[in-house]
Structures are given as C-alpha cells and as structure tokens.
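Structural overview for review
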Amino acid sequence: MHVLEMVDISKEFPGVKALDHVSFKVRQGEIHALCGENGAGKSTLMKVLSGLYPAGTHSGDIVIGGEKKEFHRITDAEQAGIAIIHQELALVKEMTVGENIFLGTEPCKHKVIQWDELYHNASLWLKKVGLNISPEVKIGNLGIGQQQLVEIAKALSKHTKILILDEPTAALTESEVSILMGILNQLRSEGVSCVYISHKMPEVFALADSITILRDGRTVATLDRKDTNDDEVVSLMVGRELTERYPRVEHTPGDIVLKVSNYNVWHPEQRQQRVIKDINFTLQKGEILGIAGLMGAGRTELVSSLFGAYGGKAEGLVQIDGETVRIRSVAEAIKAGMALVSEDRKRQGLVMGMDVKRNTTLATLGKVSKLGIINENEEIKWGRRYVQDLMTKTASLETLVGTLSGGNQQKVVIGKWLMSDPKILIMDEPTRGIDVGAKYEIYNLMNRLVEQGVAIIMISSELPEVLGMSDRILVMCEGEFVRELDWREATQENIMVAATGGK
Ligand SMILES: Nc1ncnc2c1ncn2[C@@H]1O[C@H](COP(=O)(O)OP(=O)(O)OP(=O)(O)O)[C@@H](O)[C@H]1O
Ligand SMILES: [Mg+2]
C-alpha cells in the first residue's frame, strides 16, 4: 500500500522549472531513496511535501493514506505525519536539546511549561535514537552527528509516519553514519516510511527498498533496489553512461612551490591544546597531494591555518617558491597565491544574498574594478566563464546564490577561487554534496589546472576520490602526518590502518 502519492507536481521559480509533472509514490514501512543530479529538484519536491512551499505555489496532488491533502503551512504536513530534516540543520544552538525537541509543542498546564515533563519526555525520545546525552545540554555543545540524531528525535516526537532526510550524512563520520542507518532500519520495522536523499550510492544501496530518480525536474524511473545496480542508477541520473569515475592523468610534478617545516598550531580557544603537531611536507607544481584521515584528524585545521583563516597560534616555517612567508590573514594568503575551497560553503564560502556573478568575483574584485568601481561587463564575463566551465545550473548570473541547489552553490565557490588564479589551490572536501556527473567535471578541471602548473592539495573523506585523483597521499591522525603513500601503493586498507593509528 502507498502511504504517500505525489501526483503530477509542478513548481516554477522565476526562470526555472524546478518540478515538471513529477509523480512519486512511497509505500508504508519502506526506505525510498530519491536520487538525481544537483538541481534535479529533490529538495524542492520534499519542500512541497513538507508544507514549506504552501498549497497554491505549485500544482498537482498530494495524497496521504488515500486522502487528498492540502498543506498551507508546515504544521499541516506535520499533522498528516510528515517531518523533514533539511540539508542544512535547523536547530537553535543556544537552546537545550529538550527545548529544541519540543519547540512549539512544549507540554503546558495553564499556559505554564511543564519542564520536568518536557525533559522526561525528551530523554525518552533521545533513548529511542540511541543518544546517551542529557536533554539539558545546549545544542551548540554537540557535534554534527549528534545534532542530526536530535533532529530525528524531534521528528519522531511528532509521531511521524513519513520521515524525510535530505542528504543526512554529508557531514557525518563513518560511525555516525552506521548509527543513523541502524535507527532508520529500526524505524522501518516499526512501519515508518522514510524518504532518503543522497548522492552516495553505497548508502542508497545499503538502505533503500526502492529508488526514484529525478532528472531536470522529471521522474525518470522508480526501481526496486533488488532489480537494479549502482551503474544503472548513475546513468539514469546523468542521462548517459559514465564508464570511469576518476579521470586519472599521469602528472609530471615540477619545482617545490610550498614547503612547510616543523609546523605547529594551537586551538584558538583552548590555547593549551595543540591541534597540529610538528608537520613537515612539500608540495610540487603540477601535482595533486591528497590528505586523508578521519574526521577530527586535524586536516581542516592544518589547511585553514596555512591559509590564515584559523585563528589559533601557529609556529614553524612556511616557504612559497623558496621564500619565507608569514601569512596572518586570508588577504595575505590570496596575495601569496593561495586559494581555499572550504568545506563549509555557508560560513566561509558564499554570501547567500548576493548573486552568482558577484560571489564569483568576491575574492578578486581587483580584477573587475578600477579605482574602486566595479565594471559590470567584466564581472559578467568572469561570472559567465565559470558558470560555463563548471556547468553550474543557474537561471542567470543575477540569480541569488541562496536559491541555488546545494551542489550548484559549491560550484560557485570553486569558480570564485579559480578566478583568483592561484599557485596553490587547497580543496577541502571539494565534491561534498556534488552529484557524480558534476564530480567528474570537477576532476577534469583539477587535471587541467595541474597541467597548467597549479599545485593542488585535496582533503577528502571519500577514499575512492583520494585514491582516484591524488598523485601522492599523506595520511593524518591526531594532528600528525603518520604516513606518506604514492598513489600506486595506496589502498583503502593501508590508508585506513594509518588513519586509525595503526602501523
Ligand atoms: N527558492 C528558490 N528560488 C529560485 N530557484 C530555486 C529555489 N529553490 C530551488 N531553485 C532551483 O530549482 C532547481 C531544483 O533545485 P533543488 O534544490 O530542488 O535541487 P536538488 O535536486 O535538491 O539539488 P542538490 O543535489 O544540489 O541539493 C534548481 O535549478 C534550483 O536552482
Ligand atoms: Mg538538495
């Protein structure tokens, strides 16, 4: 039986047909994966379902348990048993876990919040998702994985029958992912249906009972997991066969462009804590240096410190093209020829309220302005160039970046840094949230840059990507480099052994 049927749903934004007569059905007690390229319409479809886009702003029918429904606000959808966990988490950092779970649904007696009851109930829901924490701690003190589980607890507390997760594992560690999967399997056995959006095929195939693929705002197919495979789903997503995932090119590295010696970094707040310990490495022109390691190994701290964006005390010698440099700010890093594509596009990469072209030129306004006045034609020229090179899906160059799909925002960040014409390009999780087809374009672009003599440092938690693209791999564990591997000798196993502190 289908608990949910979305029939002929269409939705337009100015200049974009995001959904074009989409149909989507979910059975009771199944995990249904929703796959598709960046901008295919996945998040939009789920926002329609969850009442975030009210009835009247789209056409088509939503049928829940055989009954036609109209959602005018989020609470209407919640009452029908639907809860969504968005691509970007939406908890209030300053509030406690319990307050967040019951935000807007606090248990009251004579208009007085019953705190004991609230925290008691909260602890039951936390137990349900396997979280062993007090409901009285502040959300801000939890890691991303734990916050994700709190969101699920919150959704369940509303007696959800259909739980929607939009790319839930993008920022989770491997052990957090397996906890999440365990919980979803448990919910399925209790009859809850789940819509699971992900770009990660191994997860989709480990979890889903059925898979629906969207392309350009249309439903391409709904398949039983048992009757399909990874390659078929990918080719339905991109509309063509994708024979190789990693375009490896033999590079011939040149002179040393970056040399880092005895580098130490301390935490900006816990000043006693040394997050980077005696690191030494070199980077050559025309190579891709992969940095592997578990989340929390210090990879992001290392590169953001080199880039002048970390804040904590740093000691050691940094040389660029043989000259000693002291980089204390991002502006100095850019001047020294560095660029950093950061993992957190919201905080460090983009201004959501500005358009695509201005975000592209933001780090290098000097290139498009004279005496402080921006030449719009120049700006359009550069903006267009990177939209074309990266195949960014945007209605126009004047579209606000905040309205682009997650993956297309990432492409704008990359364009912005390419425009600064760096000698050293640092990419921190460059393809997080990016679909397979677009990943391939980004890899090709990396190869082209390397052939032009750019040196690339790539941090990635996806081992196939590290193995597929790096010339050399440094493995980091607890703030130290523990192993260096040539790509020819590197395997998932020897990287993982080193990353977990083994020999
Ligand atoms: N609020 C909005 N205003 C204008 N256009 C939008 C808005 N939200 C989405 N779009 C556009 O609708 C299309 C579908 O976007 P959507 O976010 O649903 O994609 P997605 O499949 O979730 O992609 P991703 O995998 O990158 O998250 C895109 O072209 C996007 O730019
Ligand atoms: Mg999305």
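Look above for the structure.
Heads up: these notes are all about the structure in this document. (Residues numbered from 1 in each chain as written. Chains lettered and ligands numbered in written order. Predicted model: local features only at pLDDT ≥ 70, side-chain atom pairs only at ≥ 80, totals over all residues. Heavy atoms only, no water.)

1. Here's the deal with the overall build of the protein chain
To keep it simple, the criterion reads: In this text, helices come from DSSP runs of H or I with a minimum length of four residues, and strands from runs of E with a minimum of two, each type numbered from the N-terminal end. The globule rule used for comparison is 2.2 Å times the number of residues to the exponent 0.38, while the radius of gyration itself is calculated over C-alpha atoms. Buried, partly exposed and exposed residues are distinguished by accessible area as a fraction of the type maximum, computed with a 1.4 Å probe on protein chains only: under 20%, between the cut-offs, and over 50%, respectively. Here, residues are in contact when the closest pair of their heavy atoms is within 4.5 Å. Accessible surface area values rest on a Shrake-Rupley calculation with a 1.4 Å probe, where residue burial reflects the displayed protein chains alone.
Across its full length, the protein chain holds 17 helices and 24 strands. For the protein chain, whose C-alpha radius of gyration is 24 Å, the value lies close to the compact-globule estimate of 23 Å for 503 residues. Its C-alpha atoms give the protein chain principal-axis dimensions of roughly 70 × 50 × 50 Å. Buried residues in the protein chain amount to 52% of all 503 residues. Residue pairs in contact within the protein chain that sit at least 24 positions apart in sequence constitute 66% of those at least 6 positions apart. Looking at the protein chain as shown, the accessible area adds up to about 22800 Å², and 49% of this sits on carbon and sulfur atoms.

2. Some words on the site of ligand 1
Threshold: Near residues are defined by distance, with any heavy atom within 4 Å of the molecule or strand qualifying the residue. What qualifies as a polar contact is a pair of N or O atoms within 3.5 Å, subject to a donor-acceptor requirement within protein and to the restriction that residues adjacent in sequence count only when both atoms come from side chains. Put simply, Ala, Val, Leu, Ile, Met, Phe, Trp, Tyr, Cys and Pro go in the nonpolar bin, Asp, Glu, Lys and Arg in the charged bin, and everything else, Gly too, in the polar bin. Where each domain starts and ends comes from a domain assignment, either automatic or drawn from a database.
Near ligand 1 there are 20 residues, and of these Gly39, Lys42, Ser43, Thr44 and Ser405 occur at the shortest range. Within the contact set of ligand 1, an oxygen atom lies 2.6 Å away from a side-chain nitrogen or oxygen of Thr44. The separation between an oxygen atom of ligand 1 and a polar side-chain atom of Ser405 is 2.8 Å. Burial of ligand 1 by the protein chains amounts to 89% of its free accessible area of 650 Å². Per-element tally for the shell around ligand 1: the top contributor is helix H1 (residues 42–49), with three residues. Partitioned by chemical class, the residues of the shell around ligand 1 number six nonpolar, eleven polar and three charged. Inspection of the shell around ligand 1 shows a minimum of three residues originating in each of domain 1 (2–238) and domain 3 (345–421).

3. Overview of the packing of helix H14 (residues 406–419) against helix H15 (residues 436–451)
What counts, and what does not: Between N-to-C directions, angles span 0 to 180 degrees; the directions come from axes that are lines fitted to C-alpha atoms, helices contributing only their stretch in contact. Our angle categories are set so that under 35 degrees counts as roughly parallel, over 145 as roughly antiparallel, 65 to 115 as roughly perpendicular, and the remainder as oblique.
Packing of H14 against H15 leaves a shortest axis separation of 12 Å and a crossing angle of 10 degrees. The angle between the axes of H14 and H15 places the two elements in the roughly parallel class. From H14, Lys411, Ile414 and Leu418 reach across to H15, where they touch Ala438, Ile442, Leu445 and Leu449.

4. A word on empty space enclosed by the protein
Here is the rule we go by: The distinction between a cavity and a pocket rests on a 1 Å grid over the protein atoms alone: a 1.4 Å probe fits inside a cavity but cannot get out, while a pocket stays open yet meets protein on both sides within 12 Å along at least five of seven lines, and a residue with an atom within 4 Å of a point counts as lining. Grid points are joined across faces, edges and corners, and a volume is the space filled by probe spheres set on the points.
Summed over all chains, the structure comprises one cavity of 30 Å³ or more. If you go around the largest cavity, the residues you meet are Val356, Thr360, Tyr386, Val387, Leu390, Thr392, Lys411, Val412, Gly415 and Lys416. Those elements giving two or more residues to the lining of the largest cavity turn out to be helix H12 (356–361), helix H13 (376–390) and H14. The element best represented in the lining of the largest cavity is H14, accounting for four residues. Across the lining of the largest cavity, the residue classes break down as five nonpolar, three polar and two charged.

5. Observations concerning the layout of surface pockets
Taken as a whole, the second largest pocket encloses approximately 1100 Å³ of empty space. If you trace the second largest pocket, you find 42 residues lining it, with Lys200, Ser461, Glu462, Leu463 and Pro464 closest to the centre. Mapped onto the lining of the second largest pocket, the elements with two or more residues apiece are helix H6 (174–189), helix H7 (201–207), strand E15 (288–293), H15, helix H16 (463–469) and helix H17 (492–499). For the lining of the second largest pocket, the per-class residue count stands at 20 nonpolar, ten polar and twelve charged. Here the lining of the second largest pocket spans two domains, since at least three of its residues come from each of domain 1 (2–238) and domain 2 (244–337 + 423–503).

6. Digging into the pattern of salt bridges
Formally: Between Lys or Arg on one side and Asp or Glu on the other, a salt bridge is scored when a side-chain nitrogen of the former is within 4 Å of a carboxyl oxygen of the latter.
Tallying each qualifying case throughout the model produces 27 salt bridges. Between Glu287 and Arg472 there is a salt bridge whose closest N-O contact spans 2.8 Å. On the criterion of sequence distance, the pair formed by Glu287 in the loop between strand E14 (274–284) and E15 and Arg472 in strand E23 (residues 472–477) is long-range, its members being 185 residues apart. Residue classification places Glu287 among the buried residues on the basis of a relative accessible area of 2%. In this structure Arg472 comes out as buried when scored by relative accessible area, which is 13%.

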